[in-house]
Every structure is written in C-alpha cells, then in structure tokens.
Amino acid sequence: MKTTPTTELSHLKADFPILDSGVHFLDSGASSQKPTPVLEAMERFARTSYANVHRGAYKLSVASTEAYEAARRRVARFIGARDHNEVVFTRGTTTAINTVAFGWGMENLEPGDHILTTEMEHHANLVPWQMAARRTGAILDHVPITEDFRLDMDVLEEKLGDHVKMVAVTGMSNVLGTIPDVSRISHLAHEQGARVLVDAAQLVPHRRIDVNDLGADFVAFSAHKMLGPTGIGVLWGRMEALEETEPFEGGGEMIADVTLQSATWAEIPHRFEAGTPPIIEAVGLHAAIDYLDAIGMENVFAHDLELTGIALERLGDVPGLQIQGPLSLEDRGGVVSMTMDGIHAHDLATILDENDVAVRAGHHCAKPLMRCLGVAATARASFYVYNDVSDIDALVKGLRRAGELFGVG
Ligand code: PMP
C-alpha cells in the first residue's frame, strides 16, 4: 500500500498558521486556507498602499490602482488569457455566473432557445439559468450523469442542436470530483453556434488551465478556493463574448458618461465592475497565484490526485462506506464524497470533528445531484496542497470509529 505521495508538499503546512492547531482540514472544496505570504501581502498593502482605485490623482490612489490592475494582469497570465481586459473581477463564482446569465442571457436568449446544463451542477450554475430562462422564455435542459458518475457525453451530443444557445457546465464537480471534457464540449457546442460557460470554481484552484485550450467563452472562479480571500472572483470572457454581454449592475466605475436620463458604458472590463471593487482582495488573489505558481500547478494537481488515490484505496476497506464518485483517478480531482449505511452525513461529520477532522456534510449546493444519487446528503473530504497522508489516516480512523458507534459493518 502506498503511504507517501511522491509529490510531497506537506512541508507547506508550516505556511498555513491556521493549521498549527493540528486540525486535519479536509474542506478546501468549500473554502481553502490562506498561507502567510497571502495574509502578509494583504496586510502590507492595507498598511502602506490602500486607497480607492481609478479615481484619485494622489499617489496612494495611483499605487492602489496599479496594484489592482497588476492583479488583473497576473490572473490573465495564470489562465493564459490573451488580453488582460478579458479578466473581470467579481465577488466570486456566483456573481460571475449571474453576470453572464443576466448580462448575456437577457440580451441573447429568446423564447424557445435552449440552455443546456448538467445534473452535477452546483446551484450557482443552475439557479441563475433558471431565472434567465423564466425571464426570457428560454428552455432549460440538462445532461444526465452515467452510472460511473461521468457526464453522459452521448446525451450531450444528442441534445446539442441549433436551438441550444448556451452550454453551462462545471469544470469539476464539487461533489463527485468528476472532471468533464470541457475542451470537447466547447468544440461540439461551437459547431452548433452555442456559447459555453465553465463553472471552474473547483477546477482553477487545482489544475493548470489555459482558457484558449479549454475553448469555452466564459470561465468563472473564486479566489477563496485557491488560497486567496473571500469577496473576489473572476469572470474571464472571450472578448467577443464579453462584447455581447450587457452590464448587469449599474453604478459608479462602470460608466463612460451619465446624464439624468441615460448612461454610456466604460470599456470592458470596467463596465462589469460597478462600485468600489475588492481592492485588498485583488492583492490577496495576486499573492495566492504567485504562491501556487511557485509550487507549480502540475505539482498541485499531482499531489491532489495522489492523496485521492490513497484515500480511495483506504476508504474501500471501511465497512459500510460508499464512495459517491468515480473510483478511478482518470479525469477526476481531489474531492471524495462518502455515505455510510445507516448514518446520516451530519453525524459522520460530527464524529469526525471529534477526531479533529474537518469535512463538509450536506447537499453541497447540489440538490438535483443528491436526488439523482438517491441520497439526502454526503460527507465530503477535499484535498489541497497542505494535506498529507496523516490527514487521510485521521479520516479513516474517524470513519471506522463512526461505524463502530453506529454498529455498521
Ligand atoms: N460552483 C462550484 C462548483 C462550487 O464548488 C462553488 C462553491 N462551493 C461555487 C460554484 C460557488 O462559489 P462562490 O460561493 O465562491 O461564489
């Protein structure tokens, strides 16, 4: 049995002060922890360079604006964007998807048009499309998952047709860990003239992406799942797709001119950034990307996958435990959902917490997927750079203890 990942990153644990308590933190899929360089970058900026951006003629505001725009360029480089103006800062993945569902959807969807999404979406990539469909008369359809927890590509191909105007798909399921083939989906969708949005909240933190290779038109993700702060996320849009999109929020920062009756929009991306943006958070995201790039995203993904492999192997021996997700590591990331016969997921998580193992329990904002799996909830362990085999040991030990307490097995 393999016990040590070859991509050993556990020396990084020391960079994460919150882990000093000894907690086995296995909930990075919900929100990751922040390393000292990110915390320090934000504090340093707040102490020395903070002011509102894009407005002041004074030195502090110029420095602050430069830091905010440097973060935009850093994000663009990280995801392979050709033009940093394709990077829009939002409040998070949810706001990024709403920006497209409303800003693009209201402009481009007509009664009878189809929006195609999937059975494994987070509510953030489902509810905004339900709202857009209701307002425009478009029809919301979905692609099911197969018995082995993959996206059913045959059904996707069948459902793609002239009437599909938007394919909104997850880059990696936050419940199953499944990574759909987004490049192929984008290719197929584009052949039919549809636009593609990828909810990359779980993908970008863990795997190197190049937005051009991915081929989608819009990609959304959040800083807080990639070692950065809450309150900032990214909507990347191909420039021609952003040009088809109307701002969905109005206010300061996003205008070129305003009269009492009307307004014209600022250039892209500023027209999508109404109000004072998350400035300190942008500095934090910049530092988080620097940190991840110093590790190397290939190493981050290899590490996640090695831990996932070890976890799947060991969890397979726990009596009464089912894995709700692919058992093979192919096209999969480091999220492992579990159910145990006769024990509610919340009870599992509570018993694990008594062993200082932090996992998430619930429907994971994916209620349609829970119905499809035939479960009310799962307990979910998710891995990131600071995890190591000791976290898996503690997880397995806690699960065995839960089984014993409930007489499972
Ligand atoms: N999509 C997926 C797949 C997610 O896992 C999450 C976060 N749980 C979101 C969207 C929403 O992200 P946020 O809450 O940062 O907007």
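Coordinates for the structure precede this section.
Residues numbered from 1 in each chain as written. Predicted model: local features only at pLDDT ≥ 70, side-chain atom pairs only at ≥ 80, totals over all residues. Heavy atoms only, no water.

Student: I'm lost on the overall build of the protein in this one. Help?
Tutor: A tally of regular secondary structure across the protein gives 13 helices and 15 strands. In terms of C-alpha radius of gyration, the protein reaches 22 Å, essentially the compact-globule figure of 22 Å for 409 residues. With 409 residues in all, the protein has 59% of them scored as buried. Contacts spanning at least 24 positions in sequence make up 72% of the contacts within the protein whose residues lie at least 6 apart. On the protein, roughly 16400 Å² of surface is accessible, and the fraction owed to carbon and sulfur atoms is 50%. The distance from the centre of the 34 positive side-chain charges to the centre of the 57 negative ones in the protein is 4 Å. (Helix = DSSP H or I, 4+ residues; strand = E, 2+ residues; numbered from the N terminus. Rg over C-alpha atoms; globule rule 2.2 N^0.38 Å. Buried < 20%, exposed > 50% of the residue type's maximum accessible area, 1.4 Å probe, protein only. Contact = heavy atoms within 4.5 Å. Areas by Shrake-Rupley, 256 points an atom, 1.4 Å probe, with all protein chains shown as cover. Lys, Arg positive; Asp, Glu negative; His and termini not counted. Charge placed at Lys NZ, Arg CZ, Asp CG, Glu CD.)

Student: Sorry, what's going on with unusual backbone geometry here?
Tutor: In most cases, non-glycine residues show a negative phi, while peptide bonds are predominantly trans. In this structure, Pro269 follows Ile268 across a cis peptide bond, with omega equal to 10°. We note that Leu227 has phi near 75°; this positive angle belongs to a residue other than glycine. Topologically, Leu227 is positioned in the loop between β7 (218–222) and β8 (233–237). Leu227 sits in the buried class, given a relative accessible area of 0%.

Student: How should I be thinking about the state of the cysteines in this particular structure?
Tutor: Counted according to the given criterion, the structure contains zero disulfides. Not part of a disulfide, Cys365 finds its nearest cysteine sulfur in Cys372, a span of 17 Å. (Disulfide = S-S within 2.5 Å.)

Student: Mind showing me how you'd approach the packing of helix α3 (residues 93–108) against helix α4 (residues 127–136) here?
Tutor: Two packed helices can be described by the angle between their axes and the distance between those axes. α4 packs onto α3 with a crossing angle of 15° between their chain directions and a minimal axis gap of 9 Å. Here α3 lies roughly parallel to α4, going by the angle between them. Judged by the twist between their axes, the crossing of α3 over α4 is right-handed. Contacts between α3 and α4 involve Ile97, Asn98, Val100, Ala101, Phe102, Gly105 and Met106 from the first element and Pro128, Trp129, Met131, Ala132, Arg135 and Thr136 from the second. Across the contact of α3 with α4, the residue classes tally to nine nonpolar, three polar and one charged. (Axes fitted to C-alpha atoms, helices over the stretch in contact; angles between N-to-C directions. Parallel < 35°, antiparallel > 145°, perpendicular 65-115°, else oblique. Left-handed = near helix turned anticlockwise from the far one by under 90°. Nonpolar A, V, L, I, M, F, W, Y, C, P; charged D, E, K, R; others polar.)

Student: Explain the pattern of salt bridges here, please?
Tutor: Oppositely charged side chains may form a pair once their charged atoms are brought near each other. Using the criterion set out here, one finds 22 salt bridges in the structure. In this structure, Asp113 and Lys165 form a salt bridge, with 3.5 Å as the shortest nitrogen-oxygen distance. Of this pair, Asp113 sits in the loop between α3 and β3 (114–118) while Lys165 sits in strand β5 (residues 164–170), and the two are 52 residues apart along the sequence. With a relative accessible area of 27%, Lys165 lands in the partly exposed category. A salt bridge links Arg401 to Glu354; the nearest nitrogen and oxygen atoms lie 3.6 Å apart. Note that Arg401 is positioned in helix α13 (residues 389–405) and Glu354 in helix α11 (residues 345–354), a separation of 47 residues in sequence. (Salt bridge = Lys/Arg side-chain N within 4 Å of Asp/Glu carboxyl O.)

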